[in-house]
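Residue-level structural notes
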Amino acid sequence: TDRAEDRPGFVSSGPEETPKKINAKQRELFKMSNIDDQELVKAVLSFREWQSFDCKRALAKPGRLLETIVSFANADGGILAIGLEDPVKASGEARLIGIDEKPEHVAELLHLVKTDISPALGDVRHFEVPITNVLGKPDKLYIFSIHKSNDVHSLRSGDTFVRRGDKTVKIG
């Protein structure tokens with residue numbers, strides 16, 4: 001079985017902790033182990049956007065994606081899938097847009113996660129998952145797993161966000 005830890009690009013920067021307010025499928029994805037790529041894509045496509053899961057296209061501005069990451073850390077933790085269309089706009093495999101539409105946004109987000117969150121997040125895992133996108137071309141999703149933090153995190157700008165239902169909400 002393909003393990004996320006063995007994948008190129010897998011990053012973990014802290015101890016593993018499983019959030020308590022997500023379903024069993026999401027909990028397994030959150031651990032990012034013992035899931036092969038097909039299972040992972042199938043699971044992500046089955047999730048609805050809610051307190052512990054969000055999906056965004058790579059066209060989204062990196063600053064907005066960073067707000068979502070901070071909101072998960074300040075709430076119950078969660079998973080952000082980049083390269084996936086909103087389930088309201090498409091369904092099934094038609095949601096597999098991939099990150100090739102704007103890969104520089106993903107690169108910028110990776111930089112911002114390290115430089116623009118205060119205090120720094122202790123455990124953000126991220127990795128790529130190969131897909132065939134809606135155009136039939138090889139592409140990938142970028143999956144972030146953010147653990148609930150004991151600290152309150154803000155952006156360098158001073159803005160603070162939390163996750164409420166399927167929304168990222170500014171609280172300060």
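The paragraphs below set out a description of the structure included in this document.

Cut-offs applied
Residues numbered from 1 in each chain as written. Predicted model: local features only at pLDDT ≥ 70, side-chain atom pairs only at ≥ 80, totals over all residues. Heavy atoms only, no water. 1 Å grid on protein atoms, 1.4 Å probe; cavity = no way out; pocket = protein on both sides within 12 Å on 5 of 7 lines; lining within 4 Å. Points joined across faces, edges and corners; volume = space filled by probe spheres on them. Helix = DSSP H or I, 4+ residues; strand = E, 2+ residues; numbered from the N terminus. Nonpolar A, V, L, I, M, F, W, Y, C, P; charged D, E, K, R; others polar. Buried < 20%, exposed > 50% of the residue type's maximum accessible area, 1.4 Å probe, protein only. Lys, Arg positive; Asp, Glu negative; His and termini not counted. Salt bridge = Lys/Arg side-chain N within 4 Å of Asp/Glu carboxyl O. Polar contact = N/O pair within 3.5 Å; in protein donor to acceptor, adjacent residues only side chain to side chain. Contact = heavy atoms within 4.5 Å. Pairing = 2+ DSSP bridges. Axes fitted to C-alpha atoms, helices over the stretch in contact; angles between N-to-C directions. Core = buried A, V, L, I, M, F, W, Y, C linked by side-chain atoms within 4.5 Å.

**Description of the layout of surface pockets**
Computed from the structure, the largest pocket encloses a volume of approximately 370 Å³. Forming the walls of the largest pocket are 19 residues, and the residues nearest its centre are Glu 49, Asp 54, Cys 55, Lys 56 and Asp 86. When contributions to the lining of the largest pocket are tallied by element, the ones reaching two or more residues are strand 1 (53-56), helix 3 (62-73) and strand 8 (167-170). In terms of residue class, the lining of the largest pocket is made up of 4 nonpolar, 2 polar and 13 charged.

**Observations concerning the side chain of Asp 139**
You can see Asp 139 is positioned in strand 5 (residues 138-146). Buried and unpaired, Asp 139 has no salt bridge, with Lys 140 as the nearest side chain of opposite charge at 6.0 Å. Looking at Asp 139, its side chain comes within polar contact range of the side chain of Asn 133, at 3.1 Å. In contact with Asp 139, other than residues within four places in its own chain, are Ile 97, Gly 98, Ile 99, Asp 100, Val 129, Pro 130, Ile 131 and Asn 133.

**Regarding the sheet that holds strand 4 (residues 124-132)**
An order of 1-2-5-4 is seen for the 4 strands of this open sheet, with the pairing classed as mixed. The open sheet has two edge strands with one neighbour each: strand 1 and strand 4. In this sheet, adjacent strand axes meet at a mean angle of 20° when their direction is disregarded. Relative to strand 5, strand 2 (residues 78-82) runs antiparallel, the two sharing 5 bridges. Across the sheet, Ile 82 pairs through a bridge with Tyr 142, a residue of strand 5. The strands touched by helix 3 are strand 1, strand 2 and strand 5; relative to strand 2, the strand with the most contacts, the crossing angle is about 165°. Where helix 4 (residues 103-115) meets the sheet, its contacts fall on strand 2, strand 4 and strand 5, and the angle it forms with strand 5 comes to roughly 20°.

**What about the nonpolar core?**
Core analysis: the biggest nonpolar cluster contains 22 residues, and Ile 69, Ile 82, Leu 109, Phe 144 and Ile 146 have the highest contact counts within it. Broken down by secondary-structure element, the contributors of at least two residues to this core are helix 3, strand 2, helix 4 and strand 5. In terms of residue count, the dominant contributor to this core is helix 3 (6 residues). With sequence-adjacent residues up to four places away left out, Ile 69 is seen in contact with Leu 80, Leu 109, Val 113, Ile 117, Leu 121, Phe 144 and Ile 146.

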